[in-house]
Amino acid sequence: MRYEAPDSLEGAVALLAGARGDARVLAGGTDLLVQMRADILEPELIVDIKRIPETRTVTEERGGWRIGAAVTGAELTEHPRLKQVWPGVIEAANLIGSTQVQGRATMGGNLCNGSPAADSVPALVAAGALASLVGPRGRRDLPVEDVMLGPRRLALEKGEIVASFLLPPRPPRSSDAYLRFIPRTEMDIAVVGAGVSLTVDGAGIVTAARVALGAVAPRVLLVPEAARAIVGSRLDAEAQRRLEAAARAACQPIDDKRGTTEFRIQVAGVLARRAALIALDRARSN
Amino acid sequence: MAKHHMEATVNGDPVEFLCETEETLLDVLRDTLHLTGSKEGCASGDCGACSVLLDGRLVCSCLVLGCEVGGRSIETIEGMAKGESLHPLQEQFLKSAALQCGICTPGVLVASKALLERSPNPTETEVRYWLAGNLCRCTGYDKIVSAVMDAAAVMRKG
Amino acid sequence: MAETNGQTNGTHYVGTRTIRPDGVDKVTGRARFGADYNLPGQLFGRVLRSPHPHARILSIDTSRAEALPGVKAVVTRADFADQPSEFIPAGEMMMNYKDVVRNVMAREKALYEGHAVAAVAATSVAIARKALRLIEVNYEVLPHVIDVVEAMRPDAPLLHDDLFTAGVEPKPDKPSNIAKRLEIKVGDVEAGFKKADVIVEREFKTAPVHQGYIEPHAALASVSEDGSVELWTTTQGHFIVRAHCARLCGLDMGKIRVTATEIGGGFGGKTVVYLEPVAIMLSKKAKRPVKMVMSREEVFKASGPTSGATVRVKMGATRDGKFTAGFAELKYQAGAFQGSPVQPGAMCAYAPYDIENVHVIGYDVVSNRPKVAAYRAPGAPISEFAVESVVDEIAKKLGIDPVQLRMMNAAREGTKAAYGPKFGPIGLEETLNSIKKSEHWNTPLRKWQGRGVASGFWFNIGGETTVSLTLNEDGTVSLMAGTPDIGGLRAALASVAADELGVPVEKVRPIIGDTGSLGFNFLTGGSRSAFSGSMAIVEAAKQIKTELIARACKLWEAKPEQVEWKDGAVRPLGALAEKVKPMTVADFAKISGKLGGPIGGVGRINAQGAGPSFGTHLVDLEVDPETGRTTILRYTVAQDAGRALHPAYVEGQFQGGAVQGIGWALNEEYIYGEDGRLQNAGFLDYRMPVASDVPRIDTVLVEVPNPRHPYGVRGVGETPIVPPLAAIANAMENATGIRFTELPMSPPKVLKALQERGLNTRD
């Protein structure tokens, strides 16, 4: 098994594109190492991207934020400003695993592991984030919701990596929130995840919204009907009911050891509503 | 494939070792450097018994490859006491009977040290959530939490 | 002759919170657990395990594995002699060597996914793992059965064609998965039900749960050319390991020296052998030491969880709250080989109560799962979960406070338990009173919050114990015990030895001796190690004191009536006191050679008189009606310890057992697929409580001394896991109005029940 740690995106892309056997990107390692130990993966080449500057930096860009794909959850929490602008994205990244896991886990890895239950992805999707991909044919940006096609299936071509995420500029009175359901208080994989990002006007009416659900379909879902259910409203009881119904209608969950189909559908609506209310509360004070 | 030749710092001392690509930092600590204080409970990052500080950051050493730590500084349980003086957390764990079988104790101590370095006056809730990645099956966590709170108070005094 | 009694006049250390003598090593990482031992030149062993839950093993071809460079030995069933059927006690359960040898290494069949089929020893773990893939096993896959009720059906896939149900008349001629039927009968339950004004009948279901120790099984074996074996293993009973290995490997016990390493949790699950005989046989073949450590997945798949069960309970009571009849039918699943804890489960079910008419039927049933091992009060949490839930329902139906109802029927001194003996002094009522008086009991609750109470019982055992006390020349005391220390035992024993001999506790150094250094010790289990160990220390100390008195008499030319042992010294009495000064243990130690030689004592006992420990738990919880998630808000444990040798470690037992019970009640379970394979063989999806899942566990230490122990000690380790299951189910009923009878009460189950009743909204 080879291990390489290039210090440039071109270097990483060349290694991955040229690999003959199974080649894997190593960021935080919190999924890769577990899968290697469980004999699910036996890569011939591991490409550590943490020496590449773009993957490890957080910078303001055109009013928004560019976040390196290999910035850890712990580093994101410690960033002085991100939490105020994107509390939902930050809290989502910090729900992954334990304090120890957050010390290593990254949003790039969380997305590219290809699990529909990934915690940071619904928040990124709700935020309208773009994933900046770099590959043999150059750079392209994809909405995060288009990166994951299904469990362990990504829209990446051979040799392409996620270098960074771009969060858009924030209008005033905007905020976001992420909630997940787990049976314990920590440590579990999300049984349901809901990310909501919204903007309100001076009168308290929701003028824009994005709602994303995790762990209720083969991929993280952007649910436009759920957003439409609350835009133009004050998120009153009736709007909340519409939101719940729209969220539930979008679910196509599975029955597995973490939750039943009925349970996931039911709770998806509850969490979408609760996340929207938290986002609303945060937005009003922004 | 030839092994990787790595140089790093462990508990303040320079170390040199060889490792295969797939060997984790935990494997290296225990089997190559003979520092068996960090324990393997699951090898999947779910129990925290292998907790170490990597450049001051609390991590599971079973989730770090040996070949990733070149030039880095690692702190393990073996480095927590200074000479003959135990760290206040170690003292308090003994006083408060915050361990029974002791297998989770090294990981819990390292994690608690990382918490108090960042947050010298944590609430009980903060302590519990910070330590959620350290499984203990013997104590029910009660005496662990009170020991961390009491050690924090001792450390704040002086 | 001056009498030496079992207690010094006033204890100094017993009952106080000393620093445990093995503590510094544990907080510095110096203490060595099973996987921390290494020998030069050692090989690494790994086990090949069946991927099928039920299959005949037609052939095993290890030739390609043996040919792999770096592989030094391979073992299969061919390397273990078959064992005739013989039942032996193992902890609080019984096992049969015929089954043990088959569990250690499959013979005719693989009986569960994860069953050991072969093992290799190689120069690296990587090579060992590669070698496993080169072993070709020819399986004939058979239909499997997992659930206990399914396994009891006459048309269920049969695990053993030589297993005939014991305990039924006439003796069956067809084999069955039902290994045993047992019955406990007192009085006439039918008559008792006729007298009842209220009857409640319920069926309950529990899933298998694992002990969940953080340290996986590990063993290091070194066999020399003359067949002597050195074995280091993480175990609760190294003398038992020696016996099993001697039997399975065909060796004299005297040739096997087993060292118990520090142990990272056991809870009953490390009272049996898994890796040890395999490591020995590999080392024998390879002529090099062999180290074997289980992965976490192997621990879940191939070491024994406790039973899952189906339990039916029917109880009757008069209008004013007197229980008139208690019936229970217990169906416990044993795993691949017989030996579930259905017997102790049956014995404990109604033990907290004085009921004239009791009838309990138990079934021990095999199914294609790992062989169950003991788990803290084996069998009792399940049966008492059912009974304590029904008791709560009766209380509700009668409009009587649940603590009051238990008080009215509580077993007391003199009560004859349904399983036989008459209780001596016991503390059930005291624990109920403590709960009633607690601040916790009187705190108001809000909507969707509920409070539940339940009591529990475990008999505790004594057993064979050997402890040696040796005076060193400088007056320090070496204490060697033979029951592995799983939670603070050395602290308790050091206090007892210090008080017995009147020395400062820092001068007592306790160690756990290996099997070559001490006489037989039964394992650490049954809540016996502090109880028996302290008793044996008293015995050993008695011998020392007798010897010191004799030496004093010789030295002072005195008669026995002129001296006494008191407060840590041999003291001259009367006129003699003007001529000579008292001599302490240290004084004698300095001149031991001059007065006759080394000074020591060995307590060799079969400790009798273990006192049962009763506990009552109180829990507050809150349910989120929209998601079914439960949060434990507050928890109080009141339990009778008899006499707490070290209060902090007794509290630790209360707290640890309670939290294991919380996990069992809310989230822990083995989840099997249709294919008979375990789906959650890791800490991610086998959900044990984490620190943020639980609140403080408040403890009330009740002490009703056990008159049959010199210090009044009762075992405490097991009772704490018995009450939580029902206490939490009862609290759930109070929070939601719904009686949950199936564990775990995980969110999908709770939400479904709430939805069915239209209750799943906050308003």
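What counts, and at which threshold
Residues numbered from 1 in each chain as written. Chains lettered and ligands numbered in written order. Predicted model: local features only at pLDDT ≥ 70, side-chain atom pairs only at ≥ 80, totals over all residues. Heavy atoms only, no water. Helix = DSSP H or I, 4+ residues; strand = E, 2+ residues; numbered from the N terminus. Rg over C-alpha atoms; globule rule 2.2 N^0.38 Å. Buried < 20%, exposed > 50% of the residue type's maximum accessible area, 1.4 Å probe, protein only. Contact = heavy atoms within 4.5 Å. 1 Å grid on protein atoms, 1.4 Å probe; cavity = no way out; pocket = protein on both sides within 12 Å on 5 of 7 lines; lining within 4 Å. Points joined across faces, edges and corners; volume = space filled by probe spheres on them. Polar contact = N/O pair within 3.5 Å; in protein donor to acceptor, adjacent residues only side chain to side chain. Domains from an automatic or database assignment. Buried area = accessible area lost by both parts, 1.4 Å probe. Salt bridge = Lys/Arg side-chain N within 4 Å of Asp/Glu carboxyl O. Nonpolar A, V, L, I, M, F, W, Y, C, P; charged D, E, K, R; others polar. Pairing = 2+ DSSP bridges. Phe/Tyr/Trp six-rings, centres within 6.5 Å; stacked < 30°, edge-to-face > 60°. Axes fitted to C-alpha atoms, helices over the stretch in contact; angles between N-to-C directions. Parallel < 35°, antiparallel > 145°, perpendicular 65-115°, else oblique. Left-handed = near helix turned anticlockwise from the far one by under 90°. Core = buried A, V, L, I, M, F, W, Y, C linked by side-chain atoms within 4.5 Å.

## So, the overall build of chain B
- Along chain B, the regular secondary structure elements total five helices and five strands.
- Reading the secondary structure of chain B in the N-to-C direction produces β-β-α-β-β-β-α-α-α-α.
- For chain B, the C-alpha radius of gyration of 16 Å lies close to 15 Å, the compact-globule estimate for 158 residues.
- Across its three principal directions, the C-alpha atoms of chain B cover 50 × 30 × 25 Å.
- Relative to its full complement of 158 residues, chain B shows a buried share of 67%.
- Long-range pairs, those at least 24 residues apart, make up 54% of the contacts in chain B between residues at least 6 apart in sequence.

## Description of empty space enclosed by the protein
All names here are of chain C.
- Here the structure, examined in full by the defined rule, presents 10 cavities of 30 Å³ or more.
- There is about 620 Å³ of room inside the largest cavity.
- For the lining of the largest cavity, the elements supplying multiple residues, two or more each, are helix H14 (489–501), helix H15 (529–556) and helix H18 (647–666).

## Considerations on the side chain of Asn460(C)
Residue and element names in this part refer to chain C.
- Tracing the sequence through the fold places Asn460 in the loop between strand S18 (449–458) and strand S19 (463–471).
- Among the polar contacts made by the side chain of Asn460, one reaches the side chain of Ser527 at a distance of 3.3 Å.
- A distance of 2.9 Å separates the side chain of Asn460 from the backbone oxygen of Gly611, its partner in a polar contact.
- Residues within four places of Asn460 in sequence aside, it is in contact with Gly526, Ser527, Ala610, Gly611, Pro612, Ser613, Gly715 and Glu718.

## Digging into the domain arrangement of chain C
Residues and elements named next belong to chain C.
- For chain C, the assigned domains read domain 1 (23–31 + 462–607), domain 2 (34–142 + 211–302) and domain 3 (309–460 + 611–756).
- Its C-alpha centre places domain 2 at a distance of 35 Å from the equivalent point of domain 3.
- With 27 residues of domain 2 at the interface, the matching set in domain 3 holds 28 residues.
- Roughly 2,500 Å² of surface becomes buried between domain 2 and domain 3 when both sides are summed, with 61% attributable to carbon and sulfur atoms.
- Inspection of the domain 2/domain 3 interface yields zero salt bridges.
- Counting across the interface, domain 2 meets domain 3 through nine residue pairs in polar contact (both at pLDDT 80 or more).
- Residue assignment for the side of domain 2 that touches domain 3 shows that the elements contributing at least two residues are strand S5 (93–96), helix H3 (97–104) and helix H9 (296–302).
- With four residues, the single largest contributor to the side of domain 2 that touches domain 3 is H9.
- Within the side of domain 2 that touches domain 3, the residues separate by chemical class into 12 nonpolar, eight polar and seven charged.

## Concerning the interface of chain B and chain C
- Chain B puts 41 residues into the contact, and the matching count from chain C is 51 residues.
- Each partner contributes to the roughly 3,800 Å² buried at the junction of chain B and chain C, and carbon and sulfur atoms together form 58% of this total.
- The largest share of the area that chain B buries against chain C comes from Leu94(B), Gln100(B) and Arg137(B), three residues that together contribute 22% of it.
- Here chain B and chain C share five salt bridges between them.
- Between Glu668(C) and Arg137(B) there is a salt bridge, with its nearest N and O atoms 2.8 Å apart.
- On inspection of chain B and its partner chain C, the count reaches 22 residue pairs in polar contact (both at pLDDT 80 or more).
- Sorting the residues of the side of chain B that touches chain C by element identifies helix H2 (88–95), helix H3 (105–118), helix H4 (124–130) and helix H5 (142–157) of chain B as the ones contributing at least two each.
- Its residues assigned to classes, the side of chain B that touches chain C shows 20 nonpolar, 10 polar and 11 charged.

## Details of the sheet that holds strand S24 (residues 583–584) of chain C
Residues and elements named next belong to chain C.
- Overall, antiparallel pairing links the three strands, which are arranged S22-S23-S24 in an open sheet. Only two strands of the sheet have a single neighbouring strand rather than two, namely strand S22 (563–566) and S24.
- With two bridges connecting them, strand S23 (residues 569–572) and S24 associate as antiparallel partners. Residue pairing across strands places Ala569 opposite Thr584, the latter belonging to S24.

## Concerning the sheet that holds strand S14 (residues 221–222) of chain A
- The strand order across the open sheet formed by four strands is S11-S12-S13-S14 (chain A), and the pairing between neighbours is antiparallel. The outermost strands of the open sheet, each flanked by one partner alone, are strand S11 (174–181) and S14 of chain A.

## Description of the packing of aromatic side chains
Residues and elements named next belong to chain C.
- Going through the model one piece at a time under the given rule, you end up with 18 aromatic pairs over all chains.
- Ring centres of Phe300 and Phe683 lie 5.8 Å apart, and the angle between their planes is 85 degrees; on these two criteria the pair is classed as edge-to-face. Within this pair, whereas Phe300 is found in helix H9, its partner Phe683 is found in the loop between H18 and strand S28 (697–702), the two being separated by 383 residues in sequence. Taken individually, Phe300 and Phe683 each receive the classification buried, so the pair is uniform in this respect.

## As for the interface of chain B and chain A
- Across the boundary between the two partners, chain B contributes 31 residues, which contact 27 residues of chain A.
- For the pair chain B and chain A, the summed buried surface comes to about 2,300 Å²; carbon and sulfur atoms form 61% of the total.
- Counting the surface chain B buries against chain A, the share from its top three residues, Arg57(B), Leu63(B) and Glu68(B), is 26%.
- In this assembly, chain B and chain A are joined by six salt bridges.
- Note that Asp27(B) is salt-bridged to Arg37(A), the shortest N-O span being 3.1 Å.
- At the junction of chain B and chain A, the tally comes to eight residue pairs in polar contact (both at pLDDT 80 or more).
- Looking at the side of chain B that touches chain A, the elements with two or more residues in it are strand S3 (51–54), strand S4 (57–60), H3 and H4 of chain B.
- When the residues that make up the side of chain B that touches chain A are grouped by side-chain class, the tally is 15 nonpolar, nine polar and seven charged.

## A word on the domain arrangement of chain B
Residue and element names in this part refer to chain B.
- By domain assignment, chain B separates into domain 1 (4–79) and domain 2 (88–157).
- Contact residues are listed per partner, giving 15 residues for domain 1 and 15 residues for domain 2.
- Interface area for domain 1 against domain 2, summed over the two sides, is near 1,100 Å², with a carbon-plus-sulfur share of 61%.
- A salt bridge links Lys113 to Glu75, with the nearest nitrogen and oxygen atoms 3.1 Å apart.
- For the side of domain 1 that touches domain 2, the secondary structure elements donating two or more residues are S3 and S4.
- Taken together, the residues that form the side of domain 1 that touches domain 2 break down as six nonpolar, five polar and four charged.

## Observations concerning the packing of helix H12 (residues 402–409) of chain C against helix H13 (residues 428–437) of chain C
All names here are of chain C.
- Closest axis-to-axis distance for the H12/H13 pair is 10 Å, and the angle between their directions is 160 degrees. Here H12 lies roughly antiparallel to H13, going by the angle between them. H12 and H13 meet at a crossing whose hand is left-handed. Counted together, Val403, Gln404, Arg406 and Met407 of H12 and Glu429, Leu432, Asn433, Ile435 and Lys436 of H13 form the full contact between these two elements.
- Here the contact of H12 with H13 is built from residues that sort into four nonpolar, two polar and three charged.

## Structural notes on unusual backbone geometry
- Across the junction of Glu169(C) and Pro170(C), the peptide omega takes the value -5 degrees, indicating a cis bond.
- Tracing the chain through its elements places Pro170(C) in the loop between helix H5 (148–152) and strand S9 (178–186).
- That bond from Leu743(C) to Pro744(C) is cis: its omega, -5 degrees, falls within 30 degrees of zero.
- As for its placement among the helices and strands, Pro744(C) is situated in the loop between helix H19 (724–736) and helix H20 (747–756).
- Positive phi outside glycine occurs at Arg152(A), with the angle close to 60 degrees.
- With respect to the helices and strands, Arg152(A) occurs in the loop between strand S8 (148–150) and strand S9 (153–154).
- Located in the positive-phi region is Ala43(B), a residue other than glycine, with phi close to 60 degrees.
- Tracing the backbone shows Ala43(B) in the loop between helix H1 (25–32) and S3.

## Some points on the nonpolar core
- Phe93(B), Val313(C), Met315(C), Tyr350(C), Ile394(C) and Ile728(C) are the most contacted members of the largest nonpolar core, which has 195 residues in total.
- Among the elements that take part in this core, helix H11 (residues 380–398) of chain C stands out by supplying 10 residues, more than any other.
- In terms of nonpolar packing, the next biggest core, distinct from the first, is built from 50 residues, Val477(C), Ala498(C), Ala536(C) and Ala589(C) among them.

## Some remarks on the environment of Arg451(C)
Residue and element names in this part refer to chain C.
- Tracing the sequence through the fold places Arg451 in strand S18.
- Take Arg451: its relative accessible area is 15%, and that puts it in the buried class.
- Arg451 sits 169 residues away from Asp620 along the chain, and the two C-alpha atoms are 4.4 Å apart.
- If near-sequence neighbours (up to four positions away) are discounted, Arg451 is found in contact with His440, Trp441, Asn442, Thr443, Leu445, Leu618, Val619, Asp620, Asn730, Ala731 and Asn734.
- Here Asp620 takes part through its side chain, which lies 2.7 Å from a polar atom of the side chain of Arg451.

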